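# Fold and geometry: a report
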Amino acid sequence: MAAGGALLRALGFAALLLPALPRGSPGSAERRCFCQVTGHLDDCTCDVETIDAFNNYKLFPRLNQLLESDYFRYYKVNLKKPCPFWNDNSHCGIRDCAVKPCPSDEVPDGIRSAGYKYSEEANSRAEECEEANRLGAVDESLSKETQQAVLQWTWHDDSSDSFCEADDIHSPDAEYVDLLLNPERYTGYKGPDAWKIWNSIYEENCFKPQNVKRPLTSGRGDDGGQMFYKWLKGVCVEKRAFYRLISGLHASINIHLSARYLLQDTWSEKKWGPNVTEFQQRFDEVVTRGEGPRRLKNLYFLYLIELRALSKVLPFFERPGFQLYTGNQSHDAEIKNLLLEVLHLAKSFPLHFDENSFFAGNKKEAAKLKEEVRLHFKNISKIMDCVGCFKCRLWGKLQTQGLGTALKILFSESLIEKIPESGPSYGFQLTRQEIVALFNAFGRISTSVRELENFRAILRTMR
Ligand SMILES: *[C@@H]1O[C@H](CO)[C@@H](O)[C@H](O)[C@H]1NC(C)=O
Ligand SMILES: *[C@@H]1O[C@H](CO)[C@@H](O)[C@H](O)[C@H]1NC(C)=O
Ligand SMILES: *[C@@H]1O[C@H](CO)[C@@H](O)[C@H](O)[C@H]1NC(C)=O
């Protein structure tokens, strides 16, 4: 999903001129990407430097360790759902787009069987009952309380408070993928197909009226984004936030593609690493006519929102009833401790985003707005089925589900506060899929923030 490339192509020769850009001050390569990305972020009290220090040296290393565990590395996804909005006949022909599903015997029993237990539907089907019985062997070691906890997860899987169109993980087409074996990186998926995805997200799903042109759209009506930013400034904070979250997600994905670019591709070796030119094309202030630094600020905004969600959801994970069920109890306990450590770290962040300004208006109005946001976001999660490249589709689905879960958490604050310390939590639930998506999606954003430091350092030497 790399619309940036297409945008630049639309810009015509701006990209071709890249090597001849003025060098040295006042616009050194580093400054041109980053000088505006500093200090306070709009709509919140936080600043970029605080986030960098907190993320790169405290949170990122722990989070990465967590995401390498069995519980977090397996994600079940249906990559074969048809695109509901247009005819998508671009089977992914690009080799690097391929996703390797896991042979199911590699997925820990506990995770697989829990998957079965979630489903009432599956339990009603004879053949799958047999399967569940076979896998059930693992569960006999579970305590009564644990079994009950697993069971009640089921009841909430179809809950209407979800911000995403979740995959039917019981569909025969849904497969476990090992996220560590299928990293998000440059795939060559860009150009018109990727552009179409992002375009329909921005144009049809971000509350933007059609007559307001986005910046950098080619041809008529390009006023350097003046009208667009005037519109954005005028909308309520919630709709503005929505746009910024999507833009932040877009920026994050493009940072990954630039940071893990296919640099060398020979029969003997494939090498992935940072491609500064690619990065500049997407984020340099001059090349993107001011858009790049805005995109990067939106990335930080997204970071704050997801971080806030993690800090709010701590009580849900702190309960003794929350267990990982991968089938190895001592390992599960270890990982749960690490999980709590990450959440406590998130909570310790000093300059949290204050989401209380969200949906704070008149109650009726607020409820309507929240519902609108939810539906728009749900629609975006469906668009992910239209992404032509399987690997991009996998990460697109995971990241929208993760962000959707973060939003669900932020809007369930009062329910989370009411969760009893022991016994089942009926008011608020997260499925394993949502949990895996939440942490991995945040892992991506956290990695992006970390990668920026790397690009900063490279650009500093370029002058
Ligand atoms: C959902 O997205 C599609 C594709 O972009 C769009 O055509 C449709 O109008 C959107 N629907 C809603 C309710 O936002
Ligand atoms: C880096 O990316 C640019 C496109 O942005 C491409 O033209 C160039 O070949 C890439 N460099 C390497 C070493 O792959
Ligand atoms: C269970 O996890 C512990 C701690 O991580 C590990 O030492 C042990 O080998 C694991 N046992 C099995 C059967 O995998």
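Note that this is a predicted model, so its numbers are computed, not measured.

### Some remarks on the site of ligand 2
Taken together, Tyr 261, Leu 263, Asn 275, Glu 278 and Gln 281 make up the full set of residues adjacent to ligand 2. Measuring from an oxygen atom of ligand 2, one finds a side-chain N or O atom of Gln 281 at 3.5 Å. Residue composition of the shell around ligand 2, grouped by class: 2 nonpolar, 2 polar and 1 charged.

### Section: the nonpolar core
Counting residues in hydrophobic clusters, the biggest one holds 108 residues, and the most contacted among them are Phe 72, Phe 317 and Phe 439. Of all the elements, helix α13 (residues 291–318) adds the most residues to this core, at 15 residues. When sequence neighbours within four positions are dropped, the list of residues in contact with Phe 317 reads Phe 322, Lys 336, Leu 339, Leu 340, Leu 343, Leu 430, Ile 435 and Phe 439.

### Some thoughts on the packing of helix α12 (residues 276–283) against helix α18 (residues 432–460)
At a minimum axis distance of 11 Å, the contact between α12 and α18 shows a crossing angle of 105°. One finds that α12 runs roughly perpendicular with respect to α18. Here α12 contributes Val 276, Phe 279 and Gln 280 to the contact with α18, which in turn contributes Leu 452, Phe 455, Ile 458 and Leu 459. Here the contact of α12 with α18 is composed, by residue class, of 6 nonpolar, 1 polar and no charged.

### Considering the site of ligand 3
Around ligand 3, the structure places Asn 328, Ser 330, His 331 and Glu 334. Within the side chain of His 331, a nitrogen or oxygen atom sits 3.1 Å from an oxygen atom of ligand 3. For ligand 3, whose accessible area on its own is 360 Å², the fraction buried by protein is 33%. Its residues assigned to classes, the shell around ligand 3 shows no nonpolar, 3 polar and 1 charged.

### Considerations on the environment of Gly 290
With respect to the element layout, Gly 290 can be found in the loop between α12 and α13. Between the C-alpha atoms of Gly 290 and Leu 216, which are 74 residues apart in sequence, the distance is 9.9 Å.

What counts, and where the lines are drawn
- Residues numbered from 1 in each chain as written.
- Chains lettered and ligands numbered in written order.
- Predicted model: local features only at pLDDT ≥ 70, side-chain atom pairs only at ≥ 80, totals over all residues.
- Heavy atoms only, no water.
- Near = heavy atom within 4 Å.
- Polar contact = N/O pair within 3.5 Å; in protein donor to acceptor, adjacent residues only side chain to side chain.
- Nonpolar A, V, L, I, M, F, W, Y, C, P; charged D, E, K, R; others polar.
- Core = buried A, V, L, I, M, F, W, Y, C linked by side-chain atoms within 4.5 Å.
- Buried < 20%, exposed > 50% of the residue type's maximum accessible area, 1.4 Å probe, protein only.
- Helix = DSSP H or I, 4+ residues; strand = E, 2+ residues; numbered from the N terminus.
- Contact = heavy atoms within 4.5 Å.
- Axes fitted to C-alpha atoms, helices over the stretch in contact; angles between N-to-C directions.
- Parallel < 35°, antiparallel > 145°, perpendicular 65-115°, else oblique.
- Areas by Shrake-Rupley, 256 points an atom, 1.4 Å probe, with all protein chains shown as cover.

Remember that the coordinates give geometry; whether it matters functionally is a separate question.
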